[in-house]
Amino acid sequence: IARSGIPFLLVCAGGLVWGVLSFWYVAPLLLPDFWAERALVEFGVSIGATSTGMLLLRMVDPDNSTPVLRDFTCKQIFHVLITGGGFFDVLVPIPLTSTSDSCLPLLIATIVLIGICLCFHPTVHRRIRACLPGSSTAPVLSRTAAARTAEMALAVEAVRGAYVP
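Throughout what follows, the structure given in this document is the object of discussion.

## Concerning the side chain of threonine 66
So, step 1. With respect to the secondary-structure elements, threonine 66 resides in the loop between helix 3 (50-60) and helix 4 (68-83).
So, step 2. Filtering out sequence-adjacent residues up to four positions away, threonine 66 remains in contact with Phe34, Glu37 and Asp61.

## A look at the nonpolar core
Across soluble globular proteins, you tend to see nonpolar side chains buried next to one another.
So, step 1. Of all hydrophobic cores here, the largest spans 15 residues; its most connected members are Leu40, Val41 and Leu57.
So, step 2. Counting only elements with at least two residues in this core, the list comes to helix 1 (2-30), helix 2 (35-47), helix 3 and helix 4.
So, step 3. Considering every element that reaches this core, the biggest residue donor is helix 2, with seven residues.
So, step 4. Apart from the residues lying within four places of it in its own chain, the contact partners of leucine 57 are Glu37, Val41, Val68 and Leu69.

## Here's the deal with the pattern of salt bridges
So, step 1. Per the stated rule, a full pass over the model turns up four salt bridges.
So, step 2. Residues arginine 38 and aspartate 71 are paired through a salt bridge, measuring 2.9 Å at the closest nitrogen-oxygen approach. Remark: aspartate 71 occurs in helix 4 and arginine 38 occurs in helix 2; sequence separation between them is 33 residues.
So, step 3. Here arginine 38 falls in the buried class, since its relative accessible area comes to 14%.
So, step 4. Classification of aspartate 71 by relative accessible area gives partly exposed; the value is 26%.
So, step 5. The salt bridge partner of aspartate 71 is arginine 70, with a shortest N-O separation of 3.2 Å.
So, step 6. Here arginine 70 falls in the exposed class, since its relative accessible area comes to 53%.

## Thoughts on the packing of aromatic side chains
So, step 1. Applying the stated rule across the entire model yields three aromatic pairs.
So, step 2. Ring geometry for phenylalanine 23 against tryptophan 24: centres 4.9 Å apart, planes inclined by 90°, an arrangement best described as edge-to-face.
So, step 3. Relative to tryptophan 35, the ring of phenylalanine 23 has its centre 5.9 Å away and its plane inclined at 55°; by these criteria the two rings are tilted. In this pair, phenylalanine 23 is assigned in helix 1 and tryptophan 35 in helix 2, connecting sequence segments 12 residues apart. The exposure classification of phenylalanine 23 matches that of tryptophan 35, with both residues buried.
So, step 4. These aromatic residues form a ring-pair network of at least three members: Phe23, Trp24 and Trp35.

Definitions and limits used
Residues numbered from 1 in each chain as written. Predicted model: local features only at pLDDT ≥ 70, side-chain atom pairs only at ≥ 80, totals over all residues. Heavy atoms only, no water. Helix = DSSP H or I, 4+ residues; strand = E, 2+ residues; numbered from the N terminus. Contact = heavy atoms within 4.5 Å. Core = buried A, V, L, I, M, F, W, Y, C linked by side-chain atoms within 4.5 Å. Buried < 20%, exposed > 50% of the residue type's maximum accessible area, 1.4 Å probe, protein only. Salt bridge = Lys/Arg side-chain N within 4 Å of Asp/Glu carboxyl O. Phe/Tyr/Trp six-rings, centres within 6.5 Å; stacked < 30°, edge-to-face > 60°.

So this is what it looks like as structure tokens:
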């Protein structure tokens, strides 16, 4: 246990850092509406279980005034089939690591799949069209730091306001 304690803590810290960075910086760029609520439920799922994400969502949206719960449950039905003991958990890692005795092919396959998913995300096409010459709309990526900071402050206040000790 003493030998594996430091790597375990490093992996935990890396996961926490990735979760926080993706919540504050990636989610506002990829999630078109209700980004804070959607990111919070996904953050809860990634650090614990689906129930953790649902609990966090219930804290910030107790009256279900946003469509996030409905959208999350529809997404989760298909998501669990793939990642919850399905294809990616069992069938992909074993052949990739056993044939090469390395995790490098698995890492490359994962990066390629993430890249493909990001290329087909709906907001990517809007950003590309907005950057083309002759486009009448301003690029989506040109949000000011002040607007982004204001959105983050509202999200923090929503989380704080929902927590009653």
